[in-house]
Amino acid sequence: MNPDNAAATVRSSLGELPLDSSGAPIGAARIDPQKSYAEIPALLKQVIDEDSAAAWASIREKIDYTYEGIDAALGSLDEATGFDAWLRDELRCGKKLLFKPNLVTPMCIDPITHGEGLGLVACTAWPFVAALMRWFHDRLDVSYHQMALGEAPSALSGMAGRFSILSGKRVTTEAAIEGRSGDFYGGWGFYFVRRYLAETHDSSHDDDPMKGYEDSVEGRYLPPGRANDRLPVYDLNRIQDIPSKGRDIPVPHPANFDSITIHKAVVGGEPSDDADMRDYPGCVLVNVPKLKVHALALLTNAVKNLGIGLYPMEAAGNDDVASTQWKYSSPLAPVPGMKSRVPHAVWVLEADDETGLPKRDAAGNLMAKRTEGLSGTMVDIIEAVQDQGVFIINAVDAIEATNVDHTSGIMGLKAPEGYVFASLDAVALDLLCARYMFKTVPAAEARRIQKERGLASEFLQRVPLPRVDGQNIVTDTGVDSPLSRYKLFDYARKRGIGGPDYHVIGRDLVAGGRLASLQGHLGRVDGSRFDELITDTFFFDASKILWDLQATVLAYAAANDALTGSDYHRSLVRAFDENGDGVIDYDEIGKKGIVEVMLFSGGSGVHLMATDPAGMLRGAFRSRANTIRWGRPEFNQGGIDVLKEYQDAALAMIAYRMSQLEAEAADPFCPGLTWGNGKWPTVQLARHIALGSTIYGLGYPLSMNIMSLYGAAFQHADRVYNGGRYTGDFSLLADPASLDNYLNDVKAGKDALPFTLYVPSGYGQCAGGPAPNVVETDDVEMMFSAAFAGGQEIW
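Read on for a plain summary of the structure. Keep in mind that what you see is a predicted model, and the values were worked out from it rather than measured.

Structural notes on the packing of helix 3 (residues 53-81) against helix 8 (residues 190-199)
Axis separation between helix 3 and helix 8 bottoms out at 11 Å; the angle between their running directions is 80°. The angle between the axes of helix 3 and helix 8 places the two elements in the roughly perpendicular class. On the side of helix 3, the interface is formed by Trp56, Arg60, Ile63 and Asp64, while helix 8 contributes Phe192, Arg195, Tyr196 and Glu199. Classifying every residue of the contact of helix 3 with helix 8 by side-chain character gives 4 nonpolar, no polar and 4 charged.

Points about the nonpolar core
Ranked by size, the top nonpolar core spans 155 residues in total, and within it Leu299, Phe421 and Tyr710 carry the most contacts. At 10 residues, helix 14 (residues 426-437) tops the list of elements feeding residues into this core. Excluding its chain neighbours within four sequence positions, the residues that come into contact with Phe421 are Ile26, Gly27, Ala28, Asn394, Ala395, Val396, Ala398, Leu429, Leu432, Cys433 and Leu522. In terms of nonpolar packing, the next biggest core, distinct from the first, is built from 77 residues, Ile40, Leu43, Ile59 and Phe83 among them.

What about the layout of surface pockets?
Here the second largest pocket is characterised by a volume of approximately 480 Å³. If you go around the second largest pocket, you meet 24 residues; those closest to its centre are Ser340, Arg341, Val348, Leu349 and Glu596. Put simply, the parts of the chain that give the lining of the second largest pocket at least two residues each are strand 14 (347-349), strand 15 (368-370) and helix 20 (594-611). Residue contributions to the lining of the second largest pocket peak at 4 residues, all from helix 20. Of the residues belonging to the lining of the second largest pocket, the class tally is 10 nonpolar, 6 polar and 8 charged.

Side note on the pattern of salt bridges
Side chains that differ in charge, positive against negative, can pair when their charged atoms come close. Under the definition given, this model contains 52 salt bridges. With a closest N to O distance of 3.6 Å, Lys359 and Glu350 form a salt bridge. Where Arg529 meets Asp531, a salt bridge forms, and the shortest distance between an N and an O atom there is 3.2 Å. The class of Arg529 is partly exposed, set by a relative accessible area of 29%. Ionic contacts of the salt-bridge type, sharing partners, join the residues Glu174, Asp235, Arg238, Asp241 and Lys245 into one network.

Reading guide: rules and limits
Residues numbered from 1 in each chain as written. Predicted model: local features only at pLDDT ≥ 70, side-chain atom pairs only at ≥ 80, totals over all residues. Heavy atoms only, no water. Axes fitted to C-alpha atoms, helices over the stretch in contact; angles between N-to-C directions. Helix = DSSP H or I, 4+ residues; strand = E, 2+ residues; numbered from the N terminus. Parallel < 35°, antiparallel > 145°, perpendicular 65-115°, else oblique. Contact = heavy atoms within 4.5 Å. Nonpolar A, V, L, I, M, F, W, Y, C, P; charged D, E, K, R; others polar. Core = buried A, V, L, I, M, F, W, Y, C linked by side-chain atoms within 4.5 Å. Buried < 20%, exposed > 50% of the residue type's maximum accessible area, 1.4 Å probe, protein only. 1 Å grid on protein atoms, 1.4 Å probe; cavity = no way out; pocket = protein on both sides within 12 Å on 5 of 7 lines; lining within 4 Å. Points joined across faces, edges and corners; volume = space filled by probe spheres on them. Salt bridge = Lys/Arg side-chain N within 4 Å of Asp/Glu carboxyl O.

Structural data, given as C-alpha cells:
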C-alpha cells in the first residue's frame, strides 16, 4: 500500500472519494512529448550526414529530459516496492540486467536517407532505452557491464538481410539493432544509446558502454557469463546456429505448449550443469514495450512484448545447425519472417508448409484444432519464464503511442501522449494503459450511459455511429467499449501471472502535481482535487475495425442492408459470433485459419526481402496478390475463400475513410445515395474501391501510388530493365513522385516500361483513363500476376 494515497480523499467528478491505494503499484510520469524524443530522427540525420555537434547536443538534451520522466516513474515504483534491493541481490549472483524493447520492424534509421525509417512508429524508441539504462546506472549503481540488450523481433533477420543487400557487405542482426555497421547506417539505433551513455558517464568509472559494439558488427557471440567486460546485444531469435544457446523450459499450467524453447540469456543455463550456469547465469528482465494498438489483440504492451516477443524465430528443436524445421515461425527456410507457428487464434488449422493455406481432410473439411488462442500463447511463455525465477520490471514507452497500424509508418500514426509507466505487474500495467487508450468519455458521464444502456464497462470511447437518413448513411456520435470484449486480463489473472488491481503513483512534469488513480481512472491530483487525464486520440487498429469499433461496423452494416437489401450484418455475425451472444469478442475470429494465412504470407514476404535483391518488391507484390486471391473464390482455381469474411469486415474501414473525405460523390451502387462529408458509401462501392486500391493504391480511382501491385511492378521494371531512371537503385522504397513522373512521360508519348500487370475485367482504368501496362483478363491463373520483358520474368 502506498502511504501517500492510503488516506487521501479527493474531490472529483464522481464525488469525494479516496484515491486508489491497493493492488499493484504503477509508477507514472507525464512529460512533454516535444521535449522528449519527438524531433530526434531529423536531428540524428544531421549527426550521421554532417557530424553535427549542435544536433547531437540537442539529442542529448532531449534524452536528459526523458530521463527526468523515467526517474519520476521508476523512482515512485522503487519507493513503493523496494525493487532495488531485489535487483541488487539478483545481480550479485552474476545475472545480467537484460533490457527487452519492442523492435517489431527494426528500421528506425532509414538506410538510404538516414532520416526517419518506416519502423520508427512501431518500435520502442532508442532514446527512451538510453534514458532508462542511464537511470539504472546512475540511480541504482548498476554497471553497464552488468547490462545487456536482447530482442527477438519477427523482421530482424529480414532487415539484416536487406541491409546486407543494400550495403554490399554482411550486416549482422546485432548490427541492425545497433543501427550502424561501420560506415553503413540503418536499423534501430543502439549504437547511439551507447554514445549517449558514454558521454553522460562519470569518467572515474571503468565500465564502458561502447564495448560490445564491435562484437555486434563482427557477429562475435559471447554468452552473458563471458561478457562481463562489455555491454552485449543478443539476437534472441537465433538459437539454431549454436543449439546450446537455447533451453526447453516447462509451462507449469500448459494451455498451448507443454514446454517452450527460449534463449538462455533470458532463462539461464541448465541448473544441473555448473559450466552452463556460469555461461548463462540468468537475468533480471527489463521489459520495455511501446504502447500501441495491435492487429489481433486489443493492444500490444507489456504482456505481448514478452508473450510473443520471447518466442525465438530460429529454433528447430534439434542439434542440426543447418535445420530449418522451425518450431515457431515460417517459412521453413533460412530467414523465416513471422512467428506463424505459435497460436494467434483460438482455432488453429493444419496448414501446408509451402503455401500456408489450410489443408483439408479426405471429406474436404478443414482440419481445425481448438487452442487457448493468443492469450494462451502469451501467458504460457510468461508463466514459464516466471517459473524459472526471472524477476521482471516493466517500463512502458507511452511518450508517442502508436495508432492505426502497429507494424510500420506506412499507415501507423504517432500519438503524442507523453507518459512513462512502470510496474512489476504486467497485467495491471496493461489494463491501466488499455483503459487510458480506449476511454474518451469522462467517468461520470460514462457511468450514467452505462447505467442507462446496461453496458458491460464504464471505460467508454466515443465512436462514429452510422445511421440511415433518407437515401443516405450519415454519421452520428455513439459510444463503444472494446475493453469489454477483451478477455486477456481475466484469463491472465486466473493463470497467475498478474492481476487487474492497481494504484498509480507518480508526478506530472507538465502541469505540476502528482499522478494517481481513482477507481481505476488515471488522473492528476492538485491539492485535494482529482482531475481525469483523458486522451485526445481516437485509438483503433485499421486491420480489425470489426473488433475495435464494433458498434460502428454493425451499425454501418445494418444501415447498408436497409438501403440496399444486402445481407452484410447477418453475414458478419454468422461468420464471427461463435457463441451466439450478439457480441464478437477478440477471441472470435472465425474457423478458417485467417491468422495463419496472413502470417505465413507476411513471413514469406520478409524472407524474400532478405534473400532476393528484388525481394522487397516481389514479396510485397506476392503478399498483396495472395490476399486478394484467397479472399474471393472467383479469383482462384480452388475456390478458396479463407479471407472472405475478414476482408468483408475490413470494408467498413474503407467506407469510414471515404465518409471522412471533404467532398461528395454519387454512389453508383445505390441511386440517390452520396458519400463524403460524413456520409458513408455502400458496402458494394467500398468492395470495389478496396480491390482497386490494392491494384493501384489508396488514391484509386483518381490516382495511383507506389504502395500497390502496380507500384511494385513499376519499380521492379524500372530498376531491372531501365537502369532505375525513375526510381533509383534497390532502396527500400522509391520516391512516390517517381510513379507520377513515369505516368506523365507515357501520357506525353514516351515509351512504356517492359511490364504487364493482369487485372480482372473492370479494373483496367485509373486516374481518368486506361492504365498503362495493364491488361484485363478473366483467366484466374493470370489475374494479379505481372510479366516483365515479354515474359522473361513472371511474378
